[in-house]
Amino acid sequence: MKLKDIAEILSLKPLTPAGGLEREVSGGYVGDLLSDVMANAGEGNIWITLQTHVNIVAVAVFKNLSAVVIVNGRMPDADTIDKAVSENIPLLLTGKSAFETAGKLYQILNAKGLQD
Amino acid sequence: MKAKIDRTYEGSFHIVGGDFSRAGEASTELKSILLNVGIDEDTVRRVAIATFEAEMNIMIYATAGILRYTISPDEIRVVAEDMGPGIEDIELAMQEGYSTAPDWVREMGWGAGMGLPNMKKNSDVFRIESVVGEGTTVEMTIRLKDC
Ligand SMILES: Nc1ncnc2c1ncn2[C@@H]1O[C@H](COP(=O)(O)OP(=O)(O)O)[C@@H](O)[C@H]1O
Ligand SMILES: [Mg+2]
């Protein structure tokens, strides 16, 4: 499923150029511990987190994640946005919690999996 | 097919602590060097993750150090050396979940106590040596695979 479609259904607000939203999403991972995400997130996953620091972009690049979704209405630092743009990592915001966001994403991807 | 590395490439990066916004620069640079010489993506990912964790530990605990890499036809070796405080109990430090990271580091999402385990997991050979008051050296070897 495309990130663009997921962003629309979940009303995620992109902070990075729309071109990045064309990528495929393989699943999701939730976590605020960067080493845990580096150990356990899967390639192409959407990463749901409340971390906003610039280091999240490096983690997303090294793990080849499809996007980072920042929850609870938190706003990333300016250099996080700059880095995400330059490294071509989609960065999206939501006012919802990690629980709600992950629950909805799981539902969408599962329904999609049953159809395919 | 094995990546055709016809010679040995070597280089190093100086890591300076304090400014976390620059964390990951050395690992990012090493990643692009590896991709340029034709190393497969899976191997590059393992090296990048292991190196990033090593880079972070130097920044957090040692304030300064050096990261050396060697790319040879059979393997990639990364050595992270610092002149920080050293580690008193290496066995304890290697345990998943053990961390002495200060609160401000934890707030940024580091300090899960998974850095050294991540380095080990992503390496084929992992060695760590540390002397209290002198420093720590981590050596990681990743073999190039026949795919
Ligand atoms: N280069 C180093 N110099 C001094 N102490 C270190 C170094 N690397 C790791 N340590 C110690 O080992 C512990 C575990 O490290 P690690 O597994 O990377 O987890 P974390 O960095 O999340 O605490 C650290 O909290 C620290 O006490
Ligand atoms: Mg660490």
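In this report, the structure presented in the accompanying data block is examined. Note that this is a predicted model, so its numbers are computed, not measured.

Let's talk about the overall build of chain A
Looking only at helices and strands, chain A has five helices and five strands in total. Listing the helices and strands of chain A from first to last along the sequence gives α-β-β-α-β-α-β-α-β-α. For a compact globule of 116 residues, the expected C-alpha radius of gyration is about 13 Å, and chain A comes in at 13 Å, within 12% of that figure. The dimensions of chain A, computed from C-alpha atoms along their principal axes, are 40 × 30 × 25 Å. Scored against the burial criterion, the 116 residues of chain A give a buried share of 51%.

Thoughts on the overall build of chain B
Counting its secondary structure elements, chain B contains five helices and five strands. Secondary structure elements of chain B occur, N-terminal to C-terminal, as β-α-α-β-β-α-α-α-β-β. Along the three orthogonal principal directions, the C-alpha set of chain B runs to about 45 × 30 × 25 Å. Relative to its 147 residues, chain B shows a buried fraction of 52%. Here the analysis covers contacts within chain B between residues at least 6 apart in sequence; of these, 67% occur between residues at least 24 apart. Carbon and sulfur atoms make up 47% of the accessible area of chain B, which totals about 7,400 Å². Both charge centroids of chain B, one from 15 positive and one from 25 negative side chains, sit 7 Å from each other.

Examining the site of ligand 1
Residues and elements named next belong to chain B. In the vicinity of ligand 1 lie 18 residues, with Tyr61, Ser99, Thr100, Gly113 and Leu116 positioned nearest. Ala112 is positioned such that a nitrogen or oxygen atom in its backbone is 3.1 Å from an oxygen atom of ligand 1. Between an oxygen atom of ligand 1 and a main-chain N or O atom of Gly115, the distance comes to 3.2 Å. When the free accessible area of ligand 1 is taken as 530 Å², the share hidden by the protein chains comes to 94%. Going through the elements one at a time, α2 (41–62) and α5 (115–122) are the ones with two or more residues in the shell around ligand 1. Looking at the shell around ligand 1, the element that brings in the most residues is α5, giving three residues. Looking at the shell around ligand 1 residue by residue, the classes come out as nine nonpolar, eight polar and one charged.

What about the packing of helix α3 (residues 55–62) of chain A against α2 of chain B?
Direction vectors running N to C along α3 of chain A and α2 of chain B enclose 155 degrees, while the axes themselves pass 10 Å from each other. Classed by the angle they form, the pair α3 of chain A and α2 of chain B counts as roughly antiparallel. Along its contact with α3 of chain A, which presents Asn55, Ala58, Val59 and Phe62 of chain A, the element α2 of chain B presents Arg45, Ala48, Ile49, Phe52 and Met56 of chain B. In the contact of α3 of chain A with α2 of chain B, the residues fall into seven nonpolar, one polar and one charged.

Focus: the interface of chain A and chain B
Residue-level contacts link 21 residues of chain A with 24 residues of chain B. A buried area of about 1,700 Å², summed over both sides, lies between chain A and chain B, and 60% of it is on carbon and sulfur atoms. On the chain A side of the contact with chain B, Ser35, Met38 and Phe62 of chain A bury the most area, a combined 36% of that side's loss. Our count for the chain A to chain B interface comes out at one salt bridge. One salt bridge in this structure joins Glu43 of chain A and Arg45 of chain B, with 3.2 Å as the shortest N-O distance. The interface formed by chain A and chain B contains seven residue pairs in polar contact (both at pLDDT 80 or more). Going through the elements one at a time, α2 (34–40), α3 and α4 (78–87) of chain A are the ones with two or more residues in the side of chain A that touches chain B. Broken down by element, the side of chain A that touches chain B gets its largest block of residues, six residues, from α2 of chain A. When its residues are assigned to classes, the side of chain A that touches chain B shows nine nonpolar, six polar and six charged.

Describing the layout of surface pockets
All names here are of chain B. Here the largest pocket defines a volume of roughly 510 Å³. Along the wall of the largest pocket there are 31 residues; nearest its centre are Asn57, Tyr61, Ile87, Ala93 and Leu116. Elements with a contribution of two residues or more to the lining of the largest pocket: α2, β3 (75–82), α5 and β5 (135–143). With eight residues, α2 is the largest single contributor of residues to the lining of the largest pocket. Partitioning the lining of the largest pocket into residue classes produces 18 nonpolar, eleven polar and two charged.

Notes on the nonpolar core
By size, the foremost hydrophobic cluster in this structure holds 64 residues, and its most contacted members are Ile39, Phe52 and Trp110 of chain B. A total of twelve residues in this core trace back to one element, the largest contributor, which is α2 of chain B. In terms of nonpolar packing, the next biggest core, distinct from the first, is built from 16 residues, Ala67, Val69, Leu105 and Ile108 of chain A among them.

So, how was this worked out
- Residues numbered from 1 in each chain as written.
- Chains lettered and ligands numbered in written order.
- Predicted model: local features only at pLDDT ≥ 70, side-chain atom pairs only at ≥ 80, totals over all residues.
- Heavy atoms only, no water.
- Helix = DSSP H or I, 4+ residues; strand = E, 2+ residues; numbered from the N terminus.
- Rg over C-alpha atoms; globule rule 2.2 N^0.38 Å.
- Buried < 20%, exposed > 50% of the residue type's maximum accessible area, 1.4 Å probe, protein only.
- Contact = heavy atoms within 4.5 Å.
- Areas by Shrake-Rupley, 256 points an atom, 1.4 Å probe, with all protein chains shown as cover.
- Lys, Arg positive; Asp, Glu negative; His and termini not counted.
- Charge placed at Lys NZ, Arg CZ, Asp CG, Glu CD.
- Near = heavy atom within 4 Å.
- Polar contact = N/O pair within 3.5 Å; in protein donor to acceptor, adjacent residues only side chain to side chain.
- Nonpolar A, V, L, I, M, F, W, Y, C, P; charged D, E, K, R; others polar.
- Axes fitted to C-alpha atoms, helices over the stretch in contact; angles between N-to-C directions.
- Parallel < 35°, antiparallel > 145°, perpendicular 65-115°, else oblique.
- Buried area = accessible area lost by both parts, 1.4 Å probe.
- Salt bridge = Lys/Arg side-chain N within 4 Å of Asp/Glu carboxyl O.
- 1 Å grid on protein atoms, 1.4 Å probe; cavity = no way out; pocket = protein on both sides within 12 Å on 5 of 7 lines; lining within 4 Å.
- Points joined across faces, edges and corners; volume = space filled by probe spheres on them.
- Core = buried A, V, L, I, M, F, W, Y, C linked by side-chain atoms within 4.5 Å.

The values reported here are purely geometric and, on their own, carry no functional implication.
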